[in-house]
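So the chains spell out like this:
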Amino acid sequence: MDDGFLMEVCVDSVESAVNAERGGAGRIELCAGLVEGGTTPSMGLLQVVKQCVRVPVFVMIRPRGGDFLYSDREVEVMKADIRLAKLHGADGLVFGALTEDGRIDTELCTALLAVCRPLPVTFHRAFDMVHDPLVALETLISLGFERVLTSGCDSSALEGLSLIKRLAEQVKILFSARCVTWGLFPPGGGITERNLQRILEGSTASEFHCSARSARDSGMKFRNPNVAMGASFSAPEYSIKVADVAKVRTLNAIAKNIL
């Protein structure tokens, strides 16, 4: 954070990871399934990304899309994925878990944090589904999470800006008498070059999270328009979204100008 802020870029491919670093990202969140909000990436992807970039790589631990209420078998998958991610060079981990009534699942989070040690851990946007965000924030701090990824419990960081600011103020109050580093920052929920300045100035955040992607046409010459590989809401097969170096650089420049 030599420039007074840190830009984290969420990626799902080696190309996007390389582009994010080239554009000035200070950290990468590595995922699969970005259409579902991010799921656990393959360990092969993690291995190759670690060979290609030098910035820290935080790995998403989320066994499926949907809610954040996990079964015992899903928990075993999460623990196994954490161990494998550590083995293959993850610099940090990202997960979240809730109870059925929309509170932080403290028992599960404590167990998963124990498996993550000594790596730093981010609580992801499961936070945006909690019943009481102010109470949830205090719980996460007490459990030992280092940061929380949030859009202010709204559809985008811009629309949730007032709550993000309240959460940032709560962090300052909680840590006013303690020498603790804790980051609160808005996610890639709609962050663009058009609204980043307003979000950073309004939230007083020192970190921000974005995907900064653009669509790139597939190199396939033969195309079958009658077949889709996923559900109706999935991305088309012949358009690939990757982190855009120019977009990352633009966001980086905006943040430097503000901070």
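Residues numbered from 1 in each chain as written. Predicted model: local features only at pLDDT ≥ 70, side-chain atom pairs only at ≥ 80, totals over all residues. Heavy atoms only, no water.

- Per an unreviewed UniProt entry, the chain carries the name Copper homeostasis protein cutC homolog and comes from Sylvia atricapilla.
- The heading Sequence similarities (unreviewed entry) in the UniProt record of the chain holds the text "Belongs to the CutC family."
- Taken directly from UniProt, the Function (unreviewed entry) text for the chain runs: "May play a role in copper homeostasis. Can bind one Cu(1+) per subunit." (UniProt positions renumbered as here; feature names shortened; annotations may be inferred.)

**Some points on the pairing of strand 8 (residues 207-210)**
Moving on, step 1. Burial of the side chains of strand 8 extends over both faces: Glu207 and His209 are buried on one face and Phe208 and Cys210 on the other.
Moving on, step 2. By the bridge criterion, 4 bridges tie strand 1 (residues 6-11) to strand 8 in an arrangement that is parallel. Bridge pairing in strand 8 places Met7 opposite Phe208. (Buried < 20%, exposed > 50% of the residue type's maximum accessible area, 1.4 Å probe, protein only. Helix = DSSP H or I, 4+ residues; strand = E, 2+ residues; numbered from the N terminus. Pairing = 2+ DSSP bridges.)

**Comments concerning the nonpolar core**
Moving on, step 1. The biggest cluster of nonpolar side chains holds 66 residues, and the ones touching the most others in it are Val9, Phe95, Phe123 and Phe208.
Moving on, step 2. Among the elements that make up this core, the one with the highest residue count is helix 4 (residues 106-116) (6 residues).
Moving on, step 3. Cys31, Phe58, Met60 and Val94 belong to the second largest nonpolar core, which has 6 residues in total. (Core = buried A, V, L, I, M, F, W, Y, C linked by side-chain atoms within 4.5 Å.)

**Quick look at the state of the cysteines**
Moving on, step 1. Tallied over the full model, the rule gives 0 disulfides.
Moving on, step 2. With no disulfide of its own, Cys116 lies closest to Cys109 among cysteine sulfurs, the gap being 9.7 Å.
Moving on, step 3. Assessed through its relative accessible area of 0%, Cys116 is described here as buried. (Disulfide = S-S within 2.5 Å.)

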